Amino acid sequence: MNILVIGSGGREHALAWQCAKDSNVKTVYVAPGNAGTALEPKCQNVVLKPSSSEVGEHSAVIDFCQNNAIDMVIVGPEAPLVTGIIDACRNAGIKAWGPTAYCSQLEGSKTFAKEFMAQNNIPTAAYQGFTDAPAAKAYVDEQGAPIVIKADGLAAGKGVIVAENIEQAHAAIDDMLADNKFGDAGSRVVIEQFLKGEEASFICMIDGENILPMATSQDHKRAFEGDLGPNTGGMGAYSPAPVVTQDVNDKVIEKVIQPVVDAMKEAGHPYTGFLYAGLMIDEAGDPYVIEFNCRFGDPETQPILMRLQSSMVDLVEQGLKGQLPTEAKWDSRPALGIVVASKGYPETSSKGDAISGLPELEADTAVKVFHAGTAFANDDAVDSEKEVVTNGGRVLCITALADSISDAQQAALAVTGAISFDGAQYRRDIGHHAIARENG
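Residues numbered from 1 in each chain as written. Predicted model: local features only at pLDDT ≥ 70, side-chain atom pairs only at ≥ 80, totals over all residues. Heavy atoms only, no water.

Just give me the short version of the sheet that holds strand β20 (residues 367-371), but keep the residues and values in it.
Strand order in the open sheet made by the 5 strands is β12-β15-β18-β23-β20, with antiparallel pairing throughout. In this open sheet, the two edge strands, each paired with only one partner strand, are β12 (218-219) and β20. As judged from the 2 bridges shared by β12 and strand β15 (residues 236-239), these two strands associate in the antiparallel manner. Directly across from Gln218, in β15, lies its bridge partner Tyr238. Set on the sheet, helix α13 (residues 405-418) makes contact with β15, β18 (335-341), β20 and β23 (394-401); between it and β18 the angle comes to about 30°. (Pairing = 2+ DSSP bridges. Helix = DSSP H or I, 4+ residues; strand = E, 2+ residues; numbered from the N terminus. Contact = heavy atoms within 4.5 Å. Axes fitted to C-alpha atoms, helices over the stretch in contact; angles between N-to-C directions.)

So what about the pairing of strand β1 (residues 2-7)? Which residues, and what values?
Burial analysis of β1 places 6 of its 6 residues in the buried class, the great majority of the element. Both faces of β1 are covered, namely the face carrying Asn2, Leu4 and Ile6 and the face carrying Ile3, Val5 and Gly7. In terms of strand pairing, β1 meets strand β4 (residues 70-75) through 5 bridges, oriented parallel. When the bridges of β4 are listed, Leu4 appears paired with Val73. In this structure, β1 lies alongside strand β2 (residues 27-32), joined through 6 bridges in parallel fashion. Its bridge partner being in β2, Leu4 is matched across the sheet by Tyr29. For the crossover that starts at β1, traverses helix α1 (residues 10-20) and ends in the parallel β2, the hand is right-handed. (Buried < 20%, exposed > 50% of the residue type's maximum accessible area, 1.4 Å probe, protein only. Right-handed = clockwise from strand over helix to strand, strands pointing away.)

Break down the side chain of Glu192 for me, with residues and values.
Inspection of the secondary structure puts Glu192 in strand β9 (residues 189-193). According to the relative accessible area criterion, Glu192 is buried, its value standing at 5%. A polar contact is formed between the side chain of Glu192 and the side chain of Lys114, at a distance of 3.0 Å. Other than its neighbours up to four places away in sequence, Glu192 contacts Lys114, Ala125, Ala126, Tyr127, Ile147, Val148, Lys150 and Ile290. (Polar contact = N/O pair within 3.5 Å; in protein donor to acceptor, adjacent residues only side chain to side chain.)

As structure tokens, this is what we get:
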């Protein structure tokens, strides 16, 4: 069978890699992919523009599927989901895994998500939405700090500011509403109560009715060690997340995931695809939703899929039939991924910097380098002579399987330390919450 994976990041490299492992798969096309997916066995990059909201761009994807005998489409990033690529594929009779445009509003609009949670009694932080900067600042003055300022729309994971004081909150409001830092995504802001606790990522596959939880995970959003600095799209992640005990797991299903499934079904828009609940777990073990994402997380996908022993292709096929199992098979060992970002990330990013020290593709099955913001400097050269260069903010995610989180961290760091490019930056403390637990 032939599969089309849409996207260009580390998540898509991991999805393509997992799908290509299935013996029934002939070719995994990745649109547009990156240098890593181009080099991956059984994978082939294709040039399409599926993230556009223009109907014609969705038509390009549909034409490709029809002309290349594509049996299944898996959509990685949020933008094409929000603009309705699943709806377009279904209307053309193409099997595609992901939520519809209606369901994708859970990520596409913070306001929609907060109102949805309020209507369905899903635990989340208290909030207010604003389009007027003076009104937003007045609300902040009334509530005090710390407080969270969010751009309403899609901002590539960077439209969230945790303001430690009133001045930072006012500056964030000005950036979004007055200075248009995030474009249309920031034309409305949601201001939220600051929640205390430990974060976790709870990702499921949903077929409209059945829920299949993925392995639990925790990512690190802050740019610098010690969870300091600005929010990013994610600087690393590990799986499983010890904070998600069986009791917490049961609460998340009952209070968060099942209400989403029930409400979407009742609204006439059954939720299908991946659903990511970014959670804050308080001291009592109660979960609160920080955000919903309508796709697999990045960089959580990389360590989660390192641990997956079931066939991702089989799981998606079952999901498309409305027959998801309740459990998947997982490697009992933990996995941890370290993101290497380009110079200036998250405020800016550097492109065209030569990357050295990349290991052979399958040199170590316990460590995998997933590409994200990478490309070839000399695309016309034969594969063995192509020079890999940076092509965006988050460049690589070095992911390791080991007997403990601490061992996985050290294995990932050993490979990460051998990779270099101008301005490379990464955190050496990914997994510190879990390692502290391991060390008692």
